[in-house]
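Below are the chains, spelled out letter by letter.
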Amino acid sequence: MALVAASRTRTFALVFPQKQESHQGRMNLSRVLKISLRPWTSNVRQIHRPTTLSSLTQLKRLSKDDSETIAQSLRPLIGEQNVSLAEAVRSQHGQDEGPDKGAMPDVVVFAESTEHVSEICKICYEKNIPIIPHGTGTGLEAGISALHGGICIDLQKMDQISDYHPEDFDVCVRPGVTREALNHFVKDDGLWFPVDPGANASICGMCATGASGTNAVRYGTIKENCLNMEVVLADGRILHTGG
């Protein structure tokens, strides 16, 4: 069996050699994954426990003037070129490939680092503005639809692959890396990333939706193929799920 994990702004993933792995190797790996994922599960429950339907109704819907004010405050933090109020851009980021009609966000920002995401989340948390993360938009469940407006954080510019260790079967990828890009990167070493939801999804989107696919029976879903994640919480704090 082979792990593919990656590094610094980092989502860790598994890749497998094309030869069949041993049963013992699978058992050892599952033990490591269980330990790595446990802190993430407990934190998610703690964060989501206070969330109620009434709290959603308190989310601030931005007016045109509000959107411009927020955009002006974000530009010095993440760059002029990484903030957009254009209707065409907002429309694209509110509709995935599913059948349901989407809803546009009020502002679209293109993050280039974990620090960018953290600063955006701090502003949204302080002002009670909805946050909608965006990978490649290949989902079918309207997960990127901005039902309450808000700020869409596009992660496609965070597409670097680093800390590749083929001998350990792990690599560290940033959230905008896609499934096909990762497989192209590791294929010369006889490795591959087996989770295949049927689209060229981003790794971050696959983690967010619990992606599986036709190979899940043998190799597991994205949950079994992820060793560690660097996560930005809604209030801008940064944590690592695997220690």
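For the structure itself, look to the data block above.
Residues numbered from 1 in each chain as written. Predicted model: local features only at pLDDT ≥ 70, side-chain atom pairs only at ≥ 80, totals over all residues. Heavy atoms only, no water.

A. Broad picture of the overall build of the chain. Secondary structure summary: the chain contains 8 helices and 11 strands in total. In the chain, which comprises 243 residues, the proportion classed as buried is 45%. Carbon and sulfur atoms provide 52% of the accessible area of the chain, an area that totals close to 12800 Å². (Helix = DSSP H or I, 4+ residues; strand = E, 2+ residues; numbered from the N terminus. Buried < 20%, exposed > 50% of the residue type's maximum accessible area, 1.4 Å probe, protein only. Areas by Shrake-Rupley, 256 points an atom, 1.4 Å probe, with all protein chains shown as cover.)

B. Examining the sheet that holds strand S3 (residues 83-84) more closely. Pairing within the open sheet is mixed, and its 4 strands lie in the order S3-S4-S6-S5. In the strand order of this sheet, the two ends are held by S3 and strand S5 (131-134), each with one partner. (Pairing = 2+ DSSP bridges.)

C. Structural view of the pattern of salt bridges. All chains considered together, the criterion is met by 7 salt bridges. The closest approach of N and O atoms between Arg75 and Glu68, which form a salt bridge, is 3.3 Å. Notably, a salt bridge pairs Glu180 with Arg179, separated by 3.7 Å at the nearest N-O pair. Here Arg179 falls in the buried class, since its relative accessible area comes to 12%. What emerges from the salt-bridge pattern is a single network uniting Glu68, Arg75 and Glu80. (Salt bridge = Lys/Arg side-chain N within 4 Å of Asp/Glu carboxyl O.)

D. Representation of the nonpolar core within the structure. Counting residues in hydrophobic clusters, the biggest one holds 20 residues, and the most contacted among them are Leu74, Val109, Ile120, Ile151 and Ile153. Elements supplying a minimum of two residues to this core: helix H3 (64-78), strand S4 (107-110), helix H5 (114-127) and strand S6 (151-154). Counting residues per element, this core draws most heavily on H5, which supplies 5 residues. Val177, Ala201, Ile203 and Ala211 belong to the second-largest nonpolar core, a separate cluster that totals 14 residues. (Core = buried A, V, L, I, M, F, W, Y, C linked by side-chain atoms within 4.5 Å.)

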